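Below are the chains, spelled out letter by letter.
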Amino acid sequence: MANQRVLPKTVKGWVDLLDRAPIPVAASELKAAREIVASDRLSLRDIAERLQQFPPMVLQVMRAANRGRAVDNRAESLEVAINRLGLGKVEQLIKAMPSKEPEQLPRGLRQTLIISQHASTQANGLFAQRLARLWTEIHWGSLLFLAPCWALCSVAPELYEQWEKRVLRQGESEAKVEKELLGIRLTEMAAKLSEHWGLPEWIARSYELLGQERRFLVKALHVARTCETPQQQLQKLDAEQELAIWLTQPANTVLLANALAVAAHNRWGSVHTLRWQQLTALYLREPLGQVQGLIHQLAAKSARQLPSSAHWHPAQALLWPWDEVRFKPEPKTELKPEPKAEAKPAAARPADPARENAEKAAARAQLAKQLPQWKTLIAQLQQSPSPFNSVLQLTQCARDTAVTCGMQRVLLLLPNRERSFMVAQQSHGFAQPLSNLKLEIQPSPLLRKLMAEPALLHIDSSNYNRYSAHIPGQLKPLFDGQHLLLRSLSQGEKVVMLLIADAGGNAIDDMQVQAFTRTAQALEKGLQIYTKRGRAQA
């Protein structure tokens, strides 16, 4: 086993080891691939298109076709590689690949394959249509860019686990961890191995850019960060012709697509992810918000194209709070102070019909003043095609709409993929940000009921005693009155959001309830329109 032998610490040592390493595939995938190649009803193009869903097999065929060939004589696509080798040889190559049950494959291998397929979808959506004549180079280059990492995860799966723990969880420097685990930088090894395998030239060039030629990257990122509009960026690039020439090189598309996919693997809202989004917008000469929206839609498209599995896809995090991360930093061991007595929420005021009627009258008057603004926001939520570039923008508009109908405290929560808990995505009117708020669903009968189907619950002084015991304890200090609105929202047949609001503890008027309900309905419709737009563009 890999962890029972001494691993190399030099570029040559790693290239020699990984060149000999077979990359295993799932048994079901191997069976499907062999049937595709053996079919006499499919053209070479059809076979290539169907085999691309199995990236290790694409690598097996491409490196066999290109081994020992000069750069200008390499097969740049799978179809050309199959034509060179012949279907008989291709069938032999695929048959020789080791297969395992999916659960026996190294987790790091499965995860890096998903990243590669995500990167390929990003490359095709962002660049392939704009550079149609270079579609072949963009498509296959982006899919095979991480192929050296597939081999590494197959030979030494424990290295992926250590890298994930130390870099993503503990926040150690990538360069430091790579040097300790590999003895070299990963980019050095990947560049040499991709050249040795005869992979598309753009791959090795991209690794060299990451490793030895970072000067242009740094300068381009500076332009992307400091110039807010495409016009300002163009003016800056006109003054730096050498940088402008480098930036427009089509080979950069392979690096950009993979950098976006790798960065999103942990967190969409990180500075690292933002930098690559800014650089992509600079390359495309498009506004950042527009490019970010397209990137999010392509991530969702990638997730829909892949078979469902227990492995992570960044599209799952698009509905999370924007500062949420997949890997929580591991806390450092510290001396803990003595625990403080838990603060209890303030007791609710006793019901007072006269006071409540006065509060409702004041609310009606305020709502009448804000009605034009509320209607404008409602129309914006339901506009088709959707004007929003991300779900985050859509829910921000919904939050503001709820505020204009008199809600002083608003909280919007989303369930995780397993629907075991809910996390806050939007909030308004609270003393501190609620981005870390997490509500377990199973222990709460109230949350289970609301998550089962879309429903509205209006809690007031007449029914507060009935529902009070069922309100999750984390919500009671946030909504410390007897008047509360809870509305679960659906998309299709599944509840996807929970909107909670109150009027600062005051009584909620029927007109406010109607406006709140209409806001929730508009958000549901807005989600439907946004999703359809993403599918249409996909």
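The structure under discussion appears in the preceding block.
First, a word on scope: everything that follows refers to the structure included in this document. (Residues numbered from 1 in each chain as written. Predicted model: local features only at pLDDT ≥ 70, side-chain atom pairs only at ≥ 80, totals over all residues. Heavy atoms only, no water.)

Looking at helix 6 (residues 87-95)
Side chains that are three or four residues apart share a direction in an α-helix, a result of its 3.6 residues per turn. Basically, it comes down to this: Each residue's exposure class comes from its accessible area (1.4 Å probe, protein chains only) as a fraction of the maximum for that residue type: buried when under 20%, exposed when over 50%, partly exposed otherwise. Only runs of H or I of at least four residues qualify as helices and only runs of E of at least two qualify as strands under DSSP, and these elements are numbered from the N terminus. What the arc measures is the spread of directions leading from the helix axis to the C-beta atoms. A contact between two residues is defined here by any heavy atoms of the two lying within 4.5 Å.
Along helix 6, the residues classified as buried are Val-90, Leu-93 and Ile-94. On an axial view of helix 6, the arc spanned by its buried residues comes to 95°, and they lie on one face. Seen from the buried face of helix 6, the exposed residues on the opposite side, beyond 90 degrees, are Gln-92 and Lys-95. Those residues of helix 6 hidden inside the fold are in contact with helix 2 (27-38), helix 3 (44-51), helix 4 (55-66) and helix 5 (78-85).

A closer look at the environment of Leu-394
Note that Leu-394 resides in helix 21 (residues 391-404). Between the alpha carbons of Leu-394 and Arg-107 there is a distance of 35 Å; along the sequence they are 287 residues apart. Non-local contacts of Leu-394, meaning those with residues more than four positions away in its chain, are made with Leu-381, Phe-388, Leu-523, Gly-526, Leu-527 and Tyr-530.

Describing the packing of aromatic side chains
The following threshold applies: A pair of Phe, Tyr and Trp rings is counted when the ring centres sit within 6.5 Å of each other, with Trp represented by its six-membered ring. The angle between the planes then sorts it: under 30 degrees is stacked, over 60 is edge-to-face, the rest tilted. In this analysis the charged atom, NZ for Lys or CZ for Arg, is taken to sit over a ring once it is within 6 Å of the ring centre and within 35 degrees of the ring normal.
Scanning the entire structure with this criterion turns up four aromatic pairs. Taken together, a centroid distance of 5.6 Å and an interplanar angle of 90° make the contact between Phe-127 and Tyr-283 edge-to-face. Linking Phe-127 in helix 7 (residues 107-128) with Tyr-283 in helix 18 (residues 271-284), this pair joins segments that are 156 residues apart in sequence. Relative accessible area serves as the criterion here: at 1%, Phe-127 is assigned to the buried category. Between the NZ or CZ atom of Arg-63 and the centre of the ring of Trp-197, over which it lies, the distance is 4.8 Å. Positioned above the aromatic ring of Phe-421, the side-chain terminus of Lys-438 is 4.1 Å from the ring centre.

Here's the deal with helix 17 (residues 252-264)
Convention followed: One fewer than the residue count of a helix, multiplied by 1.5 Å, yields its expected span.
The end-to-end C-alpha separation of helix 17 is 18 Å, in line with the 18 Å expected for 13 residues at 1.5 Å each. Within the sequence span of helix 17, burial applies to Asn-252, Thr-253, Val-254, Leu-255, Leu-256, Ala-257, Asn-258, Ala-259, Leu-260, Ala-261, Ala-263 and Ala-264.

Some remarks on the sheet that holds strand 8 (residues 494-502)
In plain terms, the rule: Being paired, for any two strands, means DSSP has found at least two bridges between them. Every axis in this analysis is a line fitted to C-alpha atoms, fitted for helices over the stretch in contact. Angles between the N-to-C directions lie between 0 and 180 degrees.
Judged by pairing direction, the sheet is antiparallel, and its six strands sit side by side in the order 5-4-3-8-7-6 without closing on themselves. On the outer flanks of this sheet lie strand 5 (438-440) and strand 6 (456-459), each paired with one strand and no other. Shown here is a sheet whose adjacent strand axes are inclined to one another by a mean of 20°, direction ignored. Note: strand 7 (residues 484-491) against strand 8, seven bridges, orientation antiparallel.

A short note on the pairing of strand 7
Burial of strand 7 is extensive: seven of the eight residues sit out of reach of the surface. As judged from the four bridges shared by strand 6 and strand 7, these two strands associate in the antiparallel manner. In the sheet register, Leu-457 faces strand 7, and the bridge partner there is Leu-486. Linking strand 7 to strand 8, which pair antiparallel, is a turn of two residues; within it Gly-492 sits at a positive phi near 70°.

Some details on the nonpolar core
Here is the rule: What makes a nonpolar core is a set of buried Ala, Val, Leu, Ile, Met, Phe, Trp, Tyr and Cys residues whose side-chain atoms join them at distances within 4.5 Å.
Membership of the largest hydrophobic core comes to 109 residues, with the highest contact counts inside it found for Trp-14, Leu-51, Leu-78, Phe-127, Trp-150 and Trp-276. In terms of residues, this core owes the most to one element, helix 17, which gives nine residues. Val-391, Leu-394, Ala-398 and Ala-503 belong to the second-largest nonpolar core, a separate cluster that totals 32 residues.

Quick look at the pattern of salt bridges
Heads up, the condition is: Any Lys or Arg side-chain nitrogen found within 4 Å of a carboxyl oxygen on Asp or Glu counts as a salt bridge.
Taken as a whole and judged by the stated rule, the model has 23 salt bridges. Arg-409 is the salt-bridge partner of Asp-502, the closest N and O atoms lying 2.6 Å from each other. In this pair, Asp-502 is assigned in strand 8 and Arg-409 in strand 3 (residues 409-415), connecting sequence segments 93 residues apart. Both residues of the pair, Asp-502 and Arg-409, belong to the buried class.

Let's talk about the pairing of strand 4 (residues 421-428)
Across a regular strand the side chains alternate sides, sitting on one face of the sheet and then on the other. The element strand 4 is extensively covered by neighbouring structure, given that six of its eight residues are classed as buried. Where strand 3 lies against strand 4, six bridges are found, and the strand directions are antiparallel. When the bridges of strand 4 are listed, Leu-411 appears paired with Ser-427. The turn linking strand 3 back onto strand 4 is made up of five residues, and Arg-419 within it adopts a positive phi angle of 60°. As judged from the three bridges shared by strand 4 and strand 5, these two strands associate in the antiparallel manner. What sits directly across from Phe-421, in strand 5, is Glu-440.

Some points on unusual backbone geometry
Residue Pro-385 follows Ser-384 across a cis peptide bond; omega there is 0°. Structurally, Pro-385 is set in the loop between helix 20 (353-381) and helix 21. The backbone of Arg-285 sits at a positive phi, close to 55°, despite the residue not being glycine. Considering the arrangement of structural elements, one finds Arg-285 in the loop between helix 18 and helix 19 (288-305). Owing to a relative accessible area of 30%, Arg-285 belongs among the partly exposed residues under this scheme. Its identity is not glycine, yet Arg-419 carries a phi of approximately 60°, on the positive side. Within the element layout of this structure, Arg-419 appears in the loop between strand 3 and strand 4.

Looking at the state of the cysteines
Under the convention used in this document: Here, a disulfide means two cysteine sulfur atoms that sit within 2.5 Å of each other.
Overall, the coordinates contain zero disulfides when judged by the stated rule. With no disulfide partner, Cys-149 has as its closest neighbouring cysteine sulfur the one in Cys-153, 6.5 Å distant. The exposure class assigned to Cys-149 is buried, which follows from its relative accessible area of 12%. Free cysteine: Cys-397, not disulfide-bonded; nearest cysteine sulfur from Cys-405 at 12 Å. For Cys-397, a relative accessible area of 7% gives the class buried.

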